[in-house]
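Overview (structure and organization)
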Amino acid sequence: MQKFFEMGRIMAIDYGRKRCGIAVTDPLRIIANGLANVPAHELLAFIQNYIKTEQVDVIVVGEPKDMHNNPSESAKYIEPFMKQLAKTLPDIEIKRYDERFTSVMAHQAMLDAGLSRKQRQNKELVDTISATLILQSFMNFISH
């Protein structure tokens, strides 16, 4: 039986064709933390291994949209993954969340943190920060 305050984590994914940034909350869902950057073809296996040791109740996948709120070109690559994820993990709630501007915000966060130009060009770091921003935005949304 679950303790009163114990909840499963929320995981967020910034899905890309080559690699995916992943972020998770702490068990109390207070803080969003970057977790990893995983090649897209290894993502499902990574998630399955992670949930063997950590309770995850919700997975949030970034939903790429254009400036007119329409699905962006990259959305078509995410749909097959979403279907496979839902089929593989039927007990975990899967949500979509608007990811517009997360890459821009990730680059700004890197600038604000004083990272060097070389560090800011690290696409894996950008993806992980983007996943963290998606997760933090989602957490802000559900808390209101």
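Quick summary incoming for the structure in this document. By convention here, each chain's residues receive numbers from 1 onward along its written sequence. A pLDDT threshold of at least 70 governs which residues receive local features in this predicted model, and a stricter bar of 80 or more applies before side-chain atom pairs are shown or counted, although totals over entire chains, interfaces and linings include all residues. Water and hydrogen atoms play no part in the side-chain values, which are based on all heavy atoms of the structure.

With respect to the nonpolar core
As used here, the term nonpolar core means buried Ala, Val, Leu, Ile, Met, Phe, Trp, Tyr and Cys residues forming a set that is joined through side-chain atoms within 4.5 Å. Buried means the residue's accessible area, taken with a 1.4 Å probe over protein chains only, is under 20% of the maximum for its type, while exposed means over 50%, and partly exposed covers the values in between. One finds Met-11, Ile-13, Ile-47 and Ile-59 to be the most contacted residues of the largest nonpolar core, which totals 22 residues. Of all elements in the fold, only strand S1 (9–14), strand S2 (19–25), strand S3 (32–39), helix H1 (43–53), strand S4 (56–63) and helix H2 (75–88) reach the threshold of two or more residues within this core. The next biggest cluster of nonpolar side chains, apart from the first, holds twelve residues, and it includes Ile-10, Ala-23, Val-60 and Phe-138. A run of DSSP states H or I qualifies as a helix once it reaches four residues; a run of E qualifies as a strand once it reaches two. Both are numbered from the N-terminal end.

A few points about the pattern of salt bridges
By definition, a salt bridge exists where a carboxyl oxygen of Asp or Glu is found within 4 Å of a side-chain nitrogen of Lys or Arg. The full count for this structure, using the stated rule, is five salt bridges. Residue Arg-19 pairs with Asp-127 through a salt bridge whose shortest N-O separation is 2.8 Å. Pair noted here: Arg-19 is in strand S2 and Asp-127 is in helix H5 (residues 123–143), with a separation of 108 residues, a long-range link. The class of Arg-19 is partly exposed, set by a relative accessible area of 23%. In this structure Asp-127 comes out as buried when scored by relative accessible area, which is 13%.

Quick notes on a nonpolar patch on the surface
For patch building, the residue pool is restricted to those with more than 30% relative accessible area and no salt bridge; the joining distance is 9 Å between like charges and 5 Å between nonpolar side chains (Val, Leu, Ile, Met, Phe, Trp, Tyr). Here the Shrake-Rupley method, with its probe set to 1.4 Å, supplies the accessible areas, and only the displayed protein chains count as covering residues. A grouping of Leu-28, Ile-30 and Ile-31 is seen on the molecular surface, where their side chains present a nonpolar patch of about 290 Å² in accessible area. By the secondary structure assignment, Leu-28 is in the loop between S2 and S3. A relative accessible area of 44% means that Leu-28 is categorised as partly exposed.

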